[in-house]
Amino acid sequence: MRAAPLEPKLLMSASLPIPGTAALTPGAIIGGKYRIDGFLGAGGMGVVLSATHLELGAPVAIKIVRDELAQREEVVSQLLFEARAAARMRSAHIVRVLDVARLDSGAPYIVMEHLEGLDLAAVLAERGSLPATDVVGYLLQACEGLSEAHGLGIVHRDLKPENLFLANTPEGVVLKILDFGISKNLGTSVRSGSRSTLTKHGATIGSPFYMSPEQMRASPSLDARADVWSLGAILFELLTGHCPFEADSPALLCSKVMVDEPPSLRDFSRDAPEELDVIIHRCLQKEPEARFQSTAELASALRDFSATQRAALAELNAPEELAPARPHHFATTAGLVAISALLAFAGVAFWRLQGRSEWARWTGVSAATAETPRSAERQPVERARAPTPIPEPTAVAEPKAAPATLIATNSQPAPRPNPIAQPEPEPEPEPEPEPEPAFAAPRTPVVHDDAKPSLPPTAARDGVDSRYDL
């Protein structure tokens, strides 16, 4: 998410309020290619002007050494060292150096990229203490830029809110580290020649509110851990609006830095994150060995804090994100209940249908069993009425014994009736002689003229045979 653009800090003036630079008025040409447009700011070494590259039409910023300091070789060397150091760095969080040259008076100047925005000192003055998430984001960007500088053997030594600039860029608000003017070379070949501590009219240049104890002692073993102290002091001030060590005089301030323990964030805000309090306390340790040993290590601790804060924020927002899902959950439960009720209703209906079918089947069997004797009595009679091929009158009386036989047979348990009606058998013209069943009643055979015994009527036999599958 992009931060809101910051209003540019541009102070335009018809004349520059710096002694010895009266000729550098708006519209003046420097080096034959830069036109002065206005005044941006002033420091212990010189002034910073806004200008335009005449050939490219691009805005630039020009840093010019004061005339009274331009005659001092150590000042000139320091400015050139700053230009060479910044030119070697490629980090997006280091201000870019475009050119370096000298005025006709011999005073050196540096041409840098023109930045629009505010430094952290101006932001702090306008808004007061800043949110922890914003401050951690700014410090992470500063750690990234300083890591490259420390990798090249360069210690800034003058980190303060005024030198951390929030620039408006197409990518959003980006922190830029300014003013490597009193940076220290730790043995690389950035420049040749001796180094000395810069002074402003004979006084030591620096920012005691953000200086480490070893820097105040002018220790020769000063290294990148001095910048770690400065970052801890800046972090404390951005969160509380106060410097960790404050006093009415430089001497008393130096005494507090050298002796007193750093205060706690909880002394200024009860809601201050405890993790940040631990990080700041470690940055402000008196001995360099007790601090974070590099800006990369400090950045890792700050990232861990950010991850913890994001996890806590996500946990707090979780109920609000899950709230819209409740109607869907209710609808799913209602659907399952409806399906269960429908299945239960279908099961009851099926059970009732099965009960009716069983009842109908058993009542049908009882009715069929009750009607079986009667139908068995009628069946031989109806079949006996069919014409027989035997002409003797006595053959008609023979079937009368069949009902008795059938009735006697039906006294046994009746088999389950066959629901399929059997077709009426046709009389056979000349039936084959078959043995009489063992249960048939004795009868007197009829003797015809051809002396052959007569057989029982086909209808009578077929009725019993077909009924019992004989």
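If you're wondering where the values come from, they're calculated on a predicted model, not measured in any experiment. (Residues numbered from 1 in each chain as written. Predicted model: local features only at pLDDT ≥ 70, side-chain atom pairs only at ≥ 80, totals over all residues. Heavy atoms only, no water.)

*Asks:* What's the story with the overall build of the protein chain in this structure? I'm lost.
*Replies:* Scanning the protein chain for helices and strands turns up 12 helices and 13 strands. Scored against the burial criterion, the 470 residues of the protein chain give a buried share of 39%. Looking at the protein chain alone, contacts between residues at least 24 apart form 64% of all its contacts between residues at least 6 apart. (Helix = DSSP H or I, 4+ residues; strand = E, 2+ residues; numbered from the N terminus. Buried < 20%, exposed > 50% of the residue type's maximum accessible area, 1.4 Å probe, protein only. Contact = heavy atoms within 4.5 Å.)

*Asks:* Help me understand the pattern of salt bridges, please; the structure alone is not making it clear to me.
*Replies:* A side chain of one charge can pair with a side chain of the opposite charge when the charged atoms of the two come close. Here the structure, examined in full by the defined rule, presents 10 salt bridges. With a shortest N-O distance of 2.8 Å, Glu74 and Arg72 are connected by a salt bridge. The partly exposed category is assigned to Arg72, whose relative accessible area is 29%. The closest approach of N and O atoms between Glu214 and Arg291, which form a salt bridge, is 2.7 Å. Residue Glu214 is located in helix H4 (residues 213–216), and its partner Arg291 is located in the loop between helix H7 (274–283) and helix H8 (295–322); the two are separated by 77 residues in the primary sequence. The same class applies to Glu214 and to Arg291, which are both buried. Connected via shared salt-bridge partners are Arg96, Glu113 and Lys176. (Salt bridge = Lys/Arg side-chain N within 4 Å of Asp/Glu carboxyl O.)

*Asks:* Before we go on, may I ask you to explain the sheet that holds strand E7 (residues 117–119) in this structure?
*Replies:* Strand pairing in a sheet relies on backbone hydrogen bonds, with the paired strands running either antiparallel or parallel. On the basis of which strands lie adjacent, the open sheet formed by 3 strands has the order E7-E9-E10 and antiparallel pairing. In this open sheet, the two strands that pair with only one neighbour each are E7 and strand E10 (172–177). Ignoring which end each strand starts from, the neighbouring axes of this sheet average 25° apart. Strand contacts of helix H2 (residues 120–127): E7, strand E9 (164–169) and E10, with the helix running at about 90° to E7, the strand carrying the most contacts. The sheet contacts of helix H3 (residues 132–151) involve E9 and E10, and relative to E10 the element is tilted by about 50°. (Pairing = 2+ DSSP bridges. Axes fitted to C-alpha atoms, helices over the stretch in contact; angles between N-to-C directions.)

*Asks:* Is there a simple way to think about unusual backbone geometry in this case?
*Replies:* Peptide bonds are, in most cases, trans, and in most cases residues other than glycine have a negative phi. The phi dihedral of Arg157 falls on the positive side, at around 70°, and the residue is not glycine. For Arg157, a relative accessible area of 16% translates into the label buried. With a phi angle near 55°, Ala218 is a residue other than glycine that sits in the positive phi range. Mapped onto the fold, Ala218 is located in the loop between H4 and helix H5 (225–240). By relative accessible area, which is 61% here, Ala218 ends up exposed.

*Asks:* Got a minute to help me understand the environment of Arg291 in this structure?
*Replies:* Taking relative accessible area as the criterion, Arg291 reaches 0% and is therefore assigned buried. Distance from Arg291 to Trp229, taken between C-alpha atoms, is 7.9 Å for residues 62 residues apart in sequence.

*Asks:* Help me understand the environment of Asp277, please; the structure alone is not making it clear to me.
*Replies:* With respect to the helices and strands, Asp277 occurs in helix H7. The residues contacting Asp277, other than those within four sequence positions of it, are Pro263, Ser264, Leu265 and Arg266. Engagement of the side chain of Asp277 in a polar contact is seen with the side chain of Ser264, the distance being 2.6 Å. Among the polar contacts listed, one links the side chain of Asp277 to the backbone nitrogen of Leu265, at a separation of 3.2 Å. (Polar contact = N/O pair within 3.5 Å; in protein donor to acceptor, adjacent residues only side chain to side chain.)

*Asks:* Quick question: what am I supposed to make of the confidence of the model for the protein chain here?
*Replies:* Mean pLDDT over the protein chain works out to 74, with 62% of the residues at or above the 70 mark. Averaged pLDDT values over the elements of the protein chain bottom out at 40 in strand E12 (residues 199–200) and peak at 95 in H5. (pLDDT = per-residue confidence, 0-100.)

*Asks:* Would you take a moment to explain the pairing of strand E4 (residues 59–65) for this structure?
*Replies:* Taken residue by residue, a regular strand's side chains alternate between the two faces of the sheet. Counting buried residues along E4, 6 of its 7 residues qualify, which places the element largely inside the surrounding structure. Alignment of strand E3 (residues 46–53) against E4, held across 7 bridges, turns out to be antiparallel. Residue Gly46 lies in a different strand from E4, and its bridge partner there is Val65. Counted between consecutive antiparallel strands, the loop separating E3 from E4 contains 5 residues, among which Gly57 sits at a positive phi close to 70°. In this structure, E4 lies alongside strand E6 (residues 108–113), joined through 5 bridges in antiparallel fashion.

*Asks:* What is the right way to read the packing of aromatic side chains from this model?
*Replies:* Aromatic ring pairs are described here by two measures, namely the spacing of the ring centres and the angle between the planes. Considering all chains together, one arrives at 2 aromatic pairs under this definition. Ring centres 6.1 Å apart and planes at 10° place the aromatic pair Trp229 and Phe245 in the stacked group. Linking Trp229 in helix H5 with Phe245 in the loop between H5 and helix H6 (250–259), this pair joins segments that are 16 residues apart in sequence. A single burial state applies to Trp229 and to Phe245, both of which are buried. Ring geometry for Phe236 versus Phe268: centroids 5.5 Å apart, planes at 85°, classification edge-to-face. Within this pair, whereas Phe236 is found in helix H5, its partner Phe268 is found in the loop between H6 and H7, the two being separated by 32 residues in sequence. Its relative accessible area of 41% is what places Phe268 among the partly exposed residues. Across the ring face of Phe292, the terminal group of Arg282 is positioned such that the distance to the ring centre comes to 4.2 Å. (Phe/Tyr/Trp six-rings, centres within 6.5 Å; stacked < 30°, edge-to-face > 60°. Lys NZ or Arg CZ within 6 Å of the ring centre and 35° of its normal.)

*Asks:* Would you take a moment to explain the pairing of E6 for this structure?
*Replies:* Burial analysis of E6 places 6 of its 6 residues in the buried class, which makes it a mostly covered element. Between strand E5 (residues 97–102) and the antiparallel strand that follows it, E6, lie 5 residues; Gly106 among them carries a positive phi value of about 100°.

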